[in-house]
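Here's the letter readout for the chains.
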Number of protein chains: 2
Amino acid sequence: MTTEQVEQVRRFNRTVAERVGVLHDHYLGGARPYGQARLLWQIGDEGTHDVRGVRARLGLDSGYVSRLLRALERDGLVAVEPHPEDRRVRTVRLTEAGRAERALLDDRSDALAASLLDPLDARQRDRLTAAMAEVERLLTASVVTVEVLDPDHPDAALCLRAYAAELQELFDTGFDPANSLLPDPGELRAPRGLFLVARLHGDPVGCAGLKLPTGAPAEIKRLWVSPGTRGLGLARRLLTELEERAARHGVELLRLDTNKALEAATRLYRSSGYTEVPAFNDEPYADHWFEKRLTQENRTRPQ
Amino acid sequence: MTTEQVEQVRRFNRTVAERVGVLHDHYLGGARPYGQARLLWQIGDEGTHDVRGVRARLGLDSGYVSRLLRALERDGLVAVEPHPEDRRVRTVRLTEAGRAERALLDDRSDALAASLLDPLDARQRDRLTAAMAEVERLLTASVVTVEVLDPDHPDAALCLRAYAAELQELFDTGFDPANSLLPDPGELRAPRGLFLVARLHGDPVGCAGLKLPTGAPAEIKRLWVSPGTRGLGLARRLLTELEERAARHGVELLRLDTNKALEAATRLYRSSGYTEVPAFNDEPYADHWFEKRLTQENRTRPQ
DNA sequence: GTCATTCTCTGACCTTAGTCAGGTAATGCC
DNA sequence: GGCATTACCTGACTAAGGTCAGAGAATGAC
């Protein structure tokens, strides 16, 4: 990355933090301490919630949450009651006044957003919101972490199930991993292979497997990205990371097969330097076969 | 503005605040309390600064700043000395250790920025920084305030001097307001006219005048935007605001003249619905004359 | 020289946002 | 029934970020 890019990011952080921060204090400052507001927000308009669940989602200390709840209770904004089935657990819900307070915070939040847009003309507003969407999208992409996981790890298994369920819907023939050439994801475990899982805020959102058979070219399997995170460039990132790791294992030729229903995947492979080749296996679910010769480039991530 | 736009801005605030906030704590948190860091930053690498100036720029309480300075002094990062000419005032400068500490904060800030870019590929980095630049630009534009000022107000006078100085450089013939058809900016004062000044963080960054002669069409004069804030759409905003105010004064026909050297201004007028007309005055500095018929539209700002 | 003003400093005080170490009641395990 | 565990609460404590009311010294206005 270049110095100008780093400078731009710093300038952005400064401007946005200052501008949004000042307005945040102005619009939301007088209302309610930040901790209480967060809690109010997390409890939500409807239904009751376990205190432990709320606490876990906000990542706060048990004593601290307890104190915040007492404060909200004193102001008549929440009602705390023991859980009907487990009286250690306590549940919390908003009262009428609590919902009103939450709506107030909501309105102020809207007012804050509107105050940013207000001085701009229609064209500038379109451009600002488009640029904000882009920043948000790419910052989200940059929080995603990728790591090697055992295919039996719950997060890995979750991805593999989601992958299978999606293909079952998508393929004309349906999809049953047991009928595929990779009935056992154990083949994606060292030393016979590896399995990558991408996570966003701890939740698994994508995966990719690499088969490293002795005496045969390596193969990419089970590349999947969750529907909610598509468009973040995650598939390409997983693919690139697999290529790097394959190269580090001395792999020179990478192969993969795919189904004609997976058009986005096929486009990704083509644009990543894979060329279509004749069928190199008899995978029943495959319509296209690709390969890519790895070069020195793949061994070091291009900066 | 639309609900989707407000929603987008709120989503942006949330995502960006969270993402940047968490990283901010991670990279800059351990180092030094935020208040001290701000002060260290504001004092700057070189030269001495009046304590009152620093305080004014940060908008902090005098007692609080005093305490922060004592803390920094204790750590040997700053040296505080009485002002040579006014011994009530105290001046502050960074010591060697202070400069080192500031450089450290600087490095951590860079590291924070880099950590946002790091997981992205080259194309994503380009897009992210471009979008950030756009957000920053438009947020800056949205902090600019526009208000009516007396042409004799120091901020107005500053703009008018900058305007004249710039034309003096730009025109083949030079520029002396005394030779222009508006020798006295007092004509831009109610009830004979009005004068708008745009400000960014309190500093004047643009102006525009309106002449409202009785029995003759109104005229736009002295439209200027400071070089540092060009590209924010400020000129168009000033022009639109003048049109609205003119319409409220019952003006139906707006006229203006301009010099051929002011190409950006000429483009602005054309794209804002002004049509070129024959010379309607004998302004010595004018090469082009424009007019625009105001309609009902101009009387209410289009949202 | 007097008096008001300016600039800085100090002490007293406050809220927020936490952390940590028990304590209590309910539940699950055997 | 006994014991460990779980969920929550309370009390004690901390750091940061500030506010407010003077005090003290220097300066400017007259």
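Residues numbered from 1 in each chain as written. Chains lettered and ligands numbered in written order. Predicted model: local features only at pLDDT ≥ 70, side-chain atom pairs only at ≥ 80, totals over all residues. Heavy atoms only, no water.

As annotated in an unreviewed UniProt entry, chain A carries the name MarR family transcriptional regulator and comes from Streptomyces antnestii.

What follows deals with the interface of chain A and chain B. Counting from both sides, the interface comprises 53 residues of chain A and, opposite them, 53 residues of chain B. Where chain A abuts chain B, roughly 5,100 Å² becomes buried across the two surfaces, and 61% of that area is made up of carbon and sulfur atoms. Where chain A packs against chain B, one counts eight salt bridges. Inspection of the chain A/chain B interface yields 16 residue pairs in polar contact (both at pLDDT 80 or more). Sorting the residues of the side of chain A that touches chain B by element identifies α1 (3–28), α5 (96–117), α6 (122–143) and α8 (234–248) of chain A as the ones contributing at least two each. Of the residues forming the side of chain A that touches chain B, the biggest block, 19 residues, is contributed by α6 of chain A. Here the residues of the side of chain A that touches chain B sort into 24 nonpolar, twelve polar and 17 charged. (Contact = heavy atoms within 4.5 Å. Buried area = accessible area lost by both parts, 1.4 Å probe. Salt bridge = Lys/Arg side-chain N within 4 Å of Asp/Glu carboxyl O. Polar contact = N/O pair within 3.5 Å; in protein donor to acceptor, adjacent residues only side chain to side chain. Helix = DSSP H or I, 4+ residues; strand = E, 2+ residues; numbered from the N terminus. Nonpolar A, V, L, I, M, F, W, Y, C, P; charged D, E, K, R; others polar.)

Before going further, it helps to spend a moment on the sheet that holds strand β5 (residues 193–200) of chain A. Residues and elements named next belong to chain A. Strand order across the open sheet formed by seven strands is β4-β5-β6-β7-β8-β10-β9, with mixed pairing between neighbours. Of all the strands in the sheet, the pair left with one neighbour each is β4 (145–148) and β9 (275–277). Geometrically, the sheet is characterised by an average inter-axis angle of 30 degrees between neighbouring strands, direction not taken into account. Where β4 and β5 come together, four bridges link them in antiparallel fashion. Residue pairing in the sheet places Val146 in a bridge with Ala198 of β5. (Pairing = 2+ DSSP bridges. Axes fitted to C-alpha atoms, helices over the stretch in contact; angles between N-to-C directions.)

Right, let's get into the pairing of strand β5 (residues 193–200) of chain B. Residue and element names in this part refer to chain B. A large share of β5 lies buried, amounting to eight of its eight residues. By the alternation rule, side chains of β5 split into Gly193, Phe195, Val197 and Arg199 and Leu194, Leu196, Ala198 and Leu200, which are all buried. Across eight bridges, β5 lies against strand β6 (residues 203–211) in antiparallel orientation. Note that in β6 the partner of Gly193 across the bridge is Lys211. (Buried < 20%, exposed > 50% of the residue type's maximum accessible area, 1.4 Å probe, protein only.)

Among the 21 residues in the neighbourhood of DNA strand C, the closest are listed as Tyr64 of chain A together with Arg52, Arg55, Arg67 and Arg90 of chain B. Within 4 Å of the protein, the contacting atoms of DNA strand C are 64% sugar and phosphate, with bases supplying the remainder. Contact distances for DNA strand C include 3.2 Å between a phosphate oxygen and a backbone N or O atom of Gly35 of chain A. Looking at the surface near DNA strand C, the elements with two or more residues in it are α2 (34–43) and α4 (62–74) of chain A together with α3 (51–58) and α4 (62–74) of chain B. By residue number, the principal contributor to the surface near DNA strand C is α4 of chain B, which donates five residues. Its residues assigned to classes, the surface near DNA strand C comprises five nonpolar, four polar and twelve charged. (Near = heavy atom within 4 Å.)

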